[in-house]
Amino acid sequence: MAPPAPLVRTARAIWHWQWCQLMGGLGPADAAGNYQRPAGAFTSLPPLPSEAASADGHVLIVGRSCPWAHRAWLVWALRRLDASITLVVVDPDPAEGRWRFAEPFGGCTTLIELYQRSGADPGQRATVPALYSRRQGRILVSESARLIELLNRWPAPDGPDLEPGAQQEATLRWRELLQSDVNDGVYRCGFARTQAAYDRAEAALFGALAEADRVLQESPWLAGAELSLADVVLFPTLIRLELVYAPLFGCSRLPLWQLPALWEWRQRFFHLPGVAATCWPEAWRRDYFGALFPLHPSGIIPAGPPLATLVESRPAPRGLQHDHD
């Protein structure tokens, strides 16, 4: 027998109220229901350390599932910074809501301990990525936008410059657009509190992706002929699109193959040296579907497409081919 209608209405009202309380902790929003990313610690761009070229003098702390950490990991890999910067991967602890070290690091077992030892306010979140100085015994910077700029200036005799001089203006324009409409945009879709907030975020997201597709029909990379930080900041979001953001955050207006230049760009980026080793699709899906309780209360991890089907070259669907020459 179906439950009485008043009971259903009451249960829905209670659940919606509880959902709003939970969402307040997961993703703060403004009065109109738009997701607002919380401020972080260690957000200023520090000067390049005098001992930057020293072997194992610095540590880049990342998490496999975090797209903000992924962009720093990509710059580290593309510029071949492993000789001077050690990579340390932390694991999420959903029960405690914090990142944990596999082995004690700097006398700490959790990232929040390391943040506080580095001078962060007790109430601030501890997020990845973070760049740690062994000599100074503290975190230098954890804001990913500033961190990738610092890593691009790091001594790297064999690594590419990801801010080519002739493309700097275009690179900056793309980074600003992608940060607001794509990188934060998928979260504004998933964490929207109202239909209107979701509609705004979703329209901006796919508008930016359509613009990227148009540019990539004429250019191999977003800002021009050379790979840049603009490409780096787009890839972590785009590689998670079908695996996480479309099913969980409602970013499913159209499959990426309907933007064929962007689809082909993602394949080319994935096959750059070092990129594949930064991609952990099982961790992405486990951590997003398993940990974001307000969005996915069951914790069940649904099946998704194998990563290989998204990044291996294959002909575009009939009628969607276009000329890159």
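Preceding block: the structure.
Just so it is clear, the structure is predicted and the values come from calculations on it, not from any experiment.

> What is the right way to read the side chain of Asn183 from this model?
Mapped onto the secondary structure, Asn183 falls in helix 5 (residues 168-190). Here the side chain of Asn183 touches Arg71 through a polar contact of 3.0 Å, side chain to side chain. In this structure the side chain of Asn183 is engaged in a polar contact, spanning 3.0 Å, whose partner is the backbone oxygen of Val233. The contacts of Asn183, once residues within four sequence positions are left out, are Trp68, Arg71, Leu178, Val233, Leu234 and Thr237.

> Help me out: how do you make sense of the pairing of strand 1 (residues 58-63) in this one?
Looking down a regular strand, the side chains alternate between one sheet face and the other. Strand 1 sits mainly inside the fold: 6 of its 6 residues count as buried. In strand 1, alternate side chains face the same way, and those of His58, Leu60 and Val62 on one face and Val59, Ile61 and Gly63 on the other are all buried. As paired elements, strand 1 and strand 2 (residues 85-93) share 6 bridges and run parallel to each other. Its bridge partner being in strand 2, Val59 is matched across the sheet by Thr86. Handedness of the crossover joining strand 1 and strand 2 through helix 2 (residues 67-78): right-handed.

> Explain the side chain of Asp181 here, please?
Its place among the elements puts Asp181 in helix 5. Its relative accessible area of 17% is what places Asp181 among the buried residues. A polar side-chain atom of Asp181 sits 3.2 Å from a polar atom in the side chain of Ser180.

> Mind showing me how you'd approach the nonpolar core here?
Soluble globular proteins: nonpolar side chains tend toward being buried together. Among the nonpolar cores identified, the biggest contains 98 residues, and Ile61, Phe249, Leu262 and Phe269 are the most heavily contacted of them. Among the elements that take part in this core, helix 2 stands out by supplying 9 residues, more than any other. The residues contacting Phe249, other than those within four sequence positions of it, are Val186, Tyr187, Cys189, Gly190, Phe191, Tyr198, Val244, Tyr288, Leu292 and Leu295.

> I'm lost on unusual backbone geometry in this one. Help?
Cis rather than trans, the peptide bond between Val128 and Pro129 has omega equal to 5 degrees. Relative to the helices and strands, Pro129 resides in the loop between helix 3 (111-117) and strand 5 (130-133). If you check the backbone angles, Phe42 has positive phi at about 55 degrees while not being a glycine. You can call Phe42 buried: its relative accessible area is 18%. We note that Arg80 has phi near 55 degrees; this positive angle belongs to a residue other than glycine. Among the secondary structure elements, Arg80 is positioned in the loop between helix 2 and strand 2.

> What is the right way to look at the pattern of salt bridges in this model?
Side chains that carry opposite charge are capable of pairing whenever their charged atoms lie near each other. Overall, the coordinates contain 13 salt bridges when judged by the stated rule. Of the charged contacts, one joins Arg135 and Glu51 as a salt bridge, the two residues approaching to 3.1 Å between their closest N and O atoms. Pair noted here: Arg135 is in the loop between strand 5 and strand 6 (138-141) and Glu51 is in the loop between helix 1 (5-26) and strand 1, with a separation of 84 residues, a long-range link. Among the ionic pairs, Arg173 bridges to Glu211, the shortest N-O distance being 3.2 Å.

> Quick question: what am I supposed to make of the environment of Pro306 here?
Considering the arrangement of structural elements, one finds Pro306 in the loop between helix 10 (281-291) and helix 11 (308-311). Each C-alpha atom, one on Pro306 and one on Leu243, is 8.5 Å from the other, the two residues being 63 residues apart in sequence.

> How should the environment of Glu113 be read in this particular structure?
Looking at the secondary structure, you find Glu113 in helix 3. Overall, Glu113 belongs to the partly exposed group, its relative accessible area being 28%. Dropping the residues within four chain positions of it, Glu113 is found in contact with Gly107 and Cys108.

Reading guide: rules and limits
- Residues numbered from 1 in each chain as written.
- Predicted model: local features only at pLDDT ≥ 70, side-chain atom pairs only at ≥ 80, totals over all residues.
- Heavy atoms only, no water.
- Helix = DSSP H or I, 4+ residues; strand = E, 2+ residues; numbered from the N terminus.
- Polar contact = N/O pair within 3.5 Å; in protein donor to acceptor, adjacent residues only side chain to side chain.
- Contact = heavy atoms within 4.5 Å.
- Buried < 20%, exposed > 50% of the residue type's maximum accessible area, 1.4 Å probe, protein only.
- Pairing = 2+ DSSP bridges.
- Right-handed = clockwise from strand over helix to strand, strands pointing away.
- Core = buried A, V, L, I, M, F, W, Y, C linked by side-chain atoms within 4.5 Å.
- Salt bridge = Lys/Arg side-chain N within 4 Å of Asp/Glu carboxyl O.

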